[in-house]
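As a plain string of letters, each chain reads:
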Amino acid sequence: MTTIRRDEEGASTELGYVFTFLLGVLLLSVFGVWAYGIETATRERWNEAAVQANLDDLAEAIERADDAARMDPGLRYVERVDWRPSEADETRMTVVLEATTLRLEDRGGSLDRSVLLSGVAPTLHTGSITLAGIDVIWVVYENGVTSIETVPPLDTLSGS
């Protein structure tokens, strides 16, 4: 004959399984937040490095244009500078060329920065470019003015 008895050992085992599951969920959640933080910090650092490298390349091209102006003020100089892509919102970013500074303005962002230019050339510096959709910036020296532009001079494209 079978008798029914009250056994509570099964219930404690089930509770152990539930608590173990909840501990696993907690640990995986903490790991996910930690991994997301690392990924975000890496992306931000990469964006800062890419933007700084872009500004450095552009500043070097401007300095070369200024060197050409010092050698021969009647010379015309055109140089293409490729803008590296980044995950930053480039619709809010503007590059501004001033007398002794190349500035990046990131409206509402944290990527504001500037690069000092020598300013020893007998040229005026001018230009402002919003970076939305831009992958090439042209540095042009002509008639005493060094400028940054998004479109090259027409005769540069035709090869004449």
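Residues numbered from 1 in each chain as written. Predicted model: local features only at pLDDT ≥ 70, side-chain atom pairs only at ≥ 80, totals over all residues. Heavy atoms only, no water.

Draft legend 1. Structural view of the environment of R107. Here R107 is to be found in the loop between strand 3 (101-106) and strand 4 (113-116). Spatially, the C-alpha atoms of R107 and D89 are 9.7 Å apart, while their sequence positions differ by 18 residues. With residues up to four places along the chain from it excluded, the contact list for R107 reads T91, R92 and T94. Engagement of the side chain of R107 in a polar contact is seen with the backbone oxygen of T91, the distance being 3.1 Å. A polar atom in the side chain of R107 sits 3.1 Å from the side chain of T94. (Helix = DSSP H or I, 4+ residues; strand = E, 2+ residues; numbered from the N terminus. Contact = heavy atoms within 4.5 Å. Polar contact = N/O pair within 3.5 Å; in protein donor to acceptor, adjacent residues only side chain to side chain.)

Draft legend 2. Examining the packing of aromatic side chains more closely. A full pass over the atoms with the stated rule returns 1 aromatic pair. Pairing F31 with W34 gives two aromatic rings, centres 5.6 Å apart and planes at 45°, and the pair type is tilted. Of the two residues, F31 and W34 are both situated in helix 1 (residues 9-71); the distance of 3 residues between them amounts to about one turn of the helix. A relative accessible area of 53% means that W34 is categorised as exposed. (Phe/Tyr/Trp six-rings, centres within 6.5 Å; stacked < 30°, edge-to-face > 60°. Buried < 20%, exposed > 50% of the residue type's maximum accessible area, 1.4 Å probe, protein only.)

Draft legend 3. Local environment of the sheet that holds strand 6 (residues 128-130). Here we have 4 strands laid out as an open sheet, ordered 4-3-2-6, and antiparallel in their pairing. Only two strands of the sheet have a single neighbouring strand rather than two, namely strand 4 and strand 6. On average, each strand axis in the sheet is inclined to that of its neighbour by 10°, with strand direction left out of account. Taken together, the 4 bridges between strand 3 and strand 4 define a ladder with antiparallel strand orientation. Residue pairing for strand 4: L104 is matched across the bridge by R113. (Pairing = 2+ DSSP bridges. Axes fitted to C-alpha atoms, helices over the stretch in contact; angles between N-to-C directions.)

Draft legend 4. Molecular detail of the side chain of E79. If you trace the backbone, E79 turns up in strand 1 (residues 77-82). Look at E79 and you get buried, because its relative accessible area is 16%. Within the local environment of E79, its side chain forms a polar contact with the side chain of Y77, the two groups lying 2.5 Å apart. Not counting residues up to four positions away in its chain, the partners in contact with E79 are A61, R64, I137, W138 and V139.

Everything listed here is a matter of geometry and, on its own, says nothing about what the molecule does.
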